[in-house]
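Report on the structure
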Amino acid sequence: DAGVIQSPRHEVTEMGQEVTLRCKPISGHDYLFWYRQTMMRGLELLIYFNNNVPIDDSGMPEDRFSAKMPNASFSTLKIQPSEPRDSAVYFCASSLGTGGWQPQHFGDGTRLSIL
Amino acid sequence: DAKTTQPPSMDCAEGRAANLPCNHSTISGNEYVYWYRQIHSQGPQYIIHGLKNNETNEMASLIITEDRKSSTLILPHATLRDTAVYYCIATSGTYKYIFGTGTRLKVLA
């Protein structure tokens, strides 16, 4: 079975540019999560969706970050304008419902470098 | 969700059992214990989870103490490919996985 697919795997861009990260969740999963990982702060939840609807975006660092899920098989995380401090690895995860018995499954991440 | 405490690092000889402890003394009755691992540059990988009873799957075993205040993840025959950071998470099943700093396991040849 295909896992969570993220693209691109690596992104290097200059400060001020718009960055779009993409995620395809596991088919049939109804929850989708975006995380960010840095050395200083570890893995942090940014936002999550249920049935394509954003449920909690309290982890989104600021208005420069936005996320959408136009359908059950695709989500984007956008940063506009990007700043060097946004450099991190961004992970997408999906799960089949919540409840203590449902693990989240992670993609391999997008390594973002803002110069 | 309960806070978890793990040792920062451990070494294990290849072929031996790796026993990774986790303390979750404030865990509540409806919180599960999940274990994930992260191999360098990859996304976290789900290993196993449990509520009260000990659990075993093809990857590992999870031993939860009777009072549920601590647990141990056991990799029965560690290989070099098991070198990773292992995270213990206590959660009631909501979206809020709180990943701490984990245990960096190094399997030695």
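Our structure is the block above this text.
These remarks concern the structure in this document. Computed from a prediction, not measured in an experiment: that's the story for all the values here.

Analysis parameters
- Residues numbered from 1 in each chain as written.
- Chains lettered and ligands numbered in written order.
- Predicted model: local features only at pLDDT ≥ 70, side-chain atom pairs only at ≥ 80, totals over all residues.
- Heavy atoms only, no water.
- Helix = DSSP H or I, 4+ residues; strand = E, 2+ residues; numbered from the N terminus.
- Buried < 20%, exposed > 50% of the residue type's maximum accessible area, 1.4 Å probe, protein only.
- Polar contact = N/O pair within 3.5 Å; in protein donor to acceptor, adjacent residues only side chain to side chain.
- Contact = heavy atoms within 4.5 Å.
- Buried area = accessible area lost by both parts, 1.4 Å probe.
- Salt bridge = Lys/Arg side-chain N within 4 Å of Asp/Glu carboxyl O.
- Nonpolar A, V, L, I, M, F, W, Y, C, P; charged D, E, K, R; others polar.
- Disulfide = S-S within 2.5 Å.
- 1 Å grid on protein atoms, 1.4 Å probe; cavity = no way out; pocket = protein on both sides within 12 Å on 5 of 7 lines; lining within 4 Å.
- Points joined across faces, edges and corners; volume = space filled by probe spheres on them.

Here we take up the side chain of S71(B). All names here are of chain B. Assignment of secondary structure puts S71 in strand β7 (residues 70-75). When its relative accessible area of 2% is taken as the criterion, S71 is described as buried. Polar contacts involving the side chain of S71 include one to the side chain of H24, which spans 2.9 Å. When neighbours within four sequence positions are excluded, S71 is seen to be in contact with L20, P21, C22, H24, V33, W35, L62, I63, I64 and C88.

Here we take up unusual backbone geometry. Geometrically, the link from S7(A) to P8(A) is a cis peptide bond, its omega value of -10 degrees lying close to zero. Looking at the element boundaries, P8(A) is found in the loop between β1 (5-7) and β2 (10-13). Of the consecutive residues Q80(A) and P81(A), the connecting peptide bond is found in the cis state with omega at -10 degrees. Mapped onto the elements, P81(A) comes out in the loop between β8 (74-79) and β9 (88-95). In the Ramachandran plot, N52(A) falls in the positive-phi region, its phi being about 75 degrees despite a non-glycine side chain. With respect to the helices and strands, the residue N52(A) is situated in the loop between β5 (42-50) and β6 (53-56). Within the chain, R68(B) stands out as a residue other than glycine whose phi angle is a positive 65 degrees. Mapped onto the elements of the fold, R68(B) is located in the loop between β6 (61-64) and β7.

We now examine the interface of chain A and chain B. In this complex, chain A contributes 20 residues to the contact, which on the side of chain B involves 16 residues. Buried area between chain A and chain B, both sides added, is near 1,600 Å², and the carbon and sulfur share of it is 54%. Remark: the boundary between chain A and chain B carries zero salt bridges. Taken together, the connections running from chain A to chain B amount to five residue pairs in polar contact (both at pLDDT 80 or more). For the side of chain A that touches chain B, the secondary structure elements donating two or more residues are β4 (31-38) and β5 of chain A. Residues that form the side of chain A that touches chain B fall into these classes: nine nonpolar, seven polar and four charged.

All right, on to the state of the cysteines then. Residue and element names in this part refer to chain A. In the structure shown here, the tally under the stated rule is two disulfides over all chains. A sulfur-sulfur separation of 1.9 Å characterises the disulfide bridge that pairs C23 with C92. Taking the torsion about the sulfur-sulfur bond, which here is approximately -70 degrees, the covalent link between C23 and C92 counts as left-handed. In this pair, C23 is assigned in strand β3 (residues 19-24) and C92 in strand β9, connecting sequence segments 69 residues apart. By relative accessible area, which is 1% here, C23 ends up buried.

Estimates place the volume of the largest pocket at around 720 Å³. For the lining of the largest pocket, the elements supplying multiple residues, two or more each, are β4, β5 and β9 of chain A together with β8 (84-91) and β9 (103-108) of chain B. Among the residues making up the lining of the largest pocket, the classes are represented as eleven nonpolar, twelve polar and three charged. Approximately 270 Å³ is the volume found for the second largest pocket. H105(A), F106(A), P44(B), Q45(B) and Y46(B) are, among the 14 residues lining the second largest pocket, the residues nearest its centre. For the lining of the second largest pocket, the secondary-structure elements that each account for two or more residues are β10 (105-106) of chain A together with β4 (45-50) of chain B. Of the residues assigned to the lining of the second largest pocket, the class counts are six nonpolar, seven polar and one charged.

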